[in-house]
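The primary structure of each chain is shown beneath.
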Amino acid sequence: MNKTLPILMRPRLITARRGLMSSGSRHSRSRVVLFGAVGTIFWLGTFAVFYRVLSYFQSVEDFGNILAMKLLSMLMITFSALLLFSNIINHLSNIYLSRDLPLLHSLPVSTEDLFMSRWLGSLADSSWMVIVFSLPVFLSYGLVFKAGMFYYLVSLGAIFCLCLIASSLSALAVLLG
């Protein structure tokens, strides 16, 4: 990794850190609490629905496990399609349509570092929500099927690899298209 990549990523990290820290105003804190509460309720509702459905599937004798496997397959296809389309739009806007590109191309920065910084930013922007909201699904599968700790580590790694693959394919499609 070249020394310019962390420098190119620094504005994103500073912006993210400042966005997470409340500015002290009552409006910003109430907005964070409101969106946090809505996100938590949605997360818990997703967990409850999947836990109940998977528990019902578990009680079906002959093909309950097959139904659970098919449901997981449909979810992974949905997550993949969501990631692909989200990454394509994000890569288009970050690689070709960003307003700071003339400034960045005038700097003594290699094209590879510039592309890598844009790719990492697009990966983070497009994938965080899929990662966060797939956690209750994998948690409910693990609890219903009584999986060990290794399952949770593997499922987190699998969803992260899915995000990497979708972002790479989307970047390739945008560059070649």
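Calculation criteria
- Residues numbered from 1 in each chain as written.
- Predicted model: local features only at pLDDT ≥ 70, side-chain atom pairs only at ≥ 80, totals over all residues.
- Heavy atoms only, no water.
- Helix = DSSP H or I, 4+ residues; strand = E, 2+ residues; numbered from the N terminus.
- Contact = heavy atoms within 4.5 Å.
- Patch = residues over 30% accessible without salt bridge, like charges linked within 9 Å, V, L, I, M, F, W, Y side chains within 5 Å.
- Areas by Shrake-Rupley, 256 points an atom, 1.4 Å probe, with all protein chains shown as cover.
- Salt bridge = Lys/Arg side-chain N within 4 Å of Asp/Glu carboxyl O.
- Buried < 20%, exposed > 50% of the residue type's maximum accessible area, 1.4 Å probe, protein only.
- Phe/Tyr/Trp six-rings, centres within 6.5 Å; stacked < 30°, edge-to-face > 60°.
- Core = buried A, V, L, I, M, F, W, Y, C linked by side-chain atoms within 4.5 Å.
- Axes fitted to C-alpha atoms, helices over the stretch in contact; angles between N-to-C directions.
- Parallel < 35°, antiparallel > 145°, perpendicular 65-115°, else oblique.
- Left-handed = near helix turned anticlockwise from the far one by under 90°.
- Nonpolar A, V, L, I, M, F, W, Y, C, P; charged D, E, K, R; others polar.
- Expected span 1.5 Å × (residues − 1).
- Bend = angle between axes of the 7 residues up to and from the residue.

Undergrad: Can you explain the side chain of asparagine 87? Please cite residues and give values.
TA: Mapped onto the elements of the fold, asparagine 87 is located in helix 3 (residues 64-96). Setting aside its immediate chain neighbours within four residues, asparagine 87 contacts Ser122, Leu123, Ser126, Ser127, Ala166, Ser167 and Ser170.

Undergrad: Describe in detail a nonpolar patch on the surface, supporting the description with residues and values.
TA: A contiguous nonpolar patch, built from Leu84, Ile165, Leu169, Leu172 and Leu176 and spanning about 490 Å² of accessible area, is present on the exposed surface. Mapped onto the elements of the fold, leucine 169 is located in helix 6 (residues 149-176). We classify leucine 169 as partly exposed; its relative accessible area is 48%.

Undergrad: Just give me the short version of the packing of aromatic side chains, but keep the residues and values in it.
TA: According to the stated counting rule, one finds five aromatic pairs in the structure shown. Judged by centre distance (5.3 Å) and plane angle (80 degrees), the ring pair of phenylalanine 42 and phenylalanine 133 falls under edge-to-face. Here phenylalanine 42, found in helix 2 (residues 26-59), pairs with phenylalanine 133, found in helix 5 (residues 111-144); they are 91 residues apart in sequence, far enough to count as distant. Relative accessible area serves as the criterion here: at 21%, phenylalanine 133 is assigned to the partly exposed category.

Undergrad: Break down the nonpolar core for me, citing the residues and quoting the values.
TA: Of all hydrophobic cores here, the largest spans 11 residues; its members are Phe79, Leu83, Trp119, Leu123, Val130, Phe138, Ile159, Leu162, Cys163, Ala166 and Ala171. For this core, the element with the highest residue contribution is helix 6, accounting for five residues. When residues no more than four places from it in sequence are discounted, the contact partners of leucine 83 are Ser126, Ser127, Val130, Leu162, Cys163, Ala166 and Ser170. Counting residues in each nonpolar core, the second largest holds nine residues, with Phe50, Leu71, Leu75 and Val144 among its members.

Undergrad: Can you lay out unusual backbone geometry for me, pointing to particular residues and giving the numbers?
TA: The backbone of lysine 146 shows a phi angle near 55 degrees, a positive value even though the residue is not glycine. Turning to its location among the elements, lysine 146 is positioned in the loop between helix 5 and helix 6. For lysine 146, a relative accessible area of 73% corresponds to the exposed category.

Undergrad: Break down the packing of helix 3 against helix 5 for me, with residues and values.
TA: One can describe the packing of helix 3 onto helix 5 by two numbers: an axis separation of 9 Å at closest approach and a directional angle of 160 degrees. Relative to helix 5, the element helix 3 lies roughly antiparallel. Of the two possible hands of crossing, helix 3 and helix 5 adopt the one that is right-handed. Here the residues of the contact of helix 3 with helix 5 sort into 16 nonpolar, 10 polar and two charged.

Undergrad: Any chance you could break down helix 5 for me, citing the residues and the numbers?
TA: Here helix 5 contains 34 residues, and its C-alpha end-to-end distance of 48 Å stays within 8% of the 50 Å for a straight helix at 1.5 Å per residue. Of all the bends found along helix 5, the most pronounced is centred on serine 127 and spans about 40 degrees. Phi for lysine 146, located one or two positions after helix 5, is positive at around 55 degrees.

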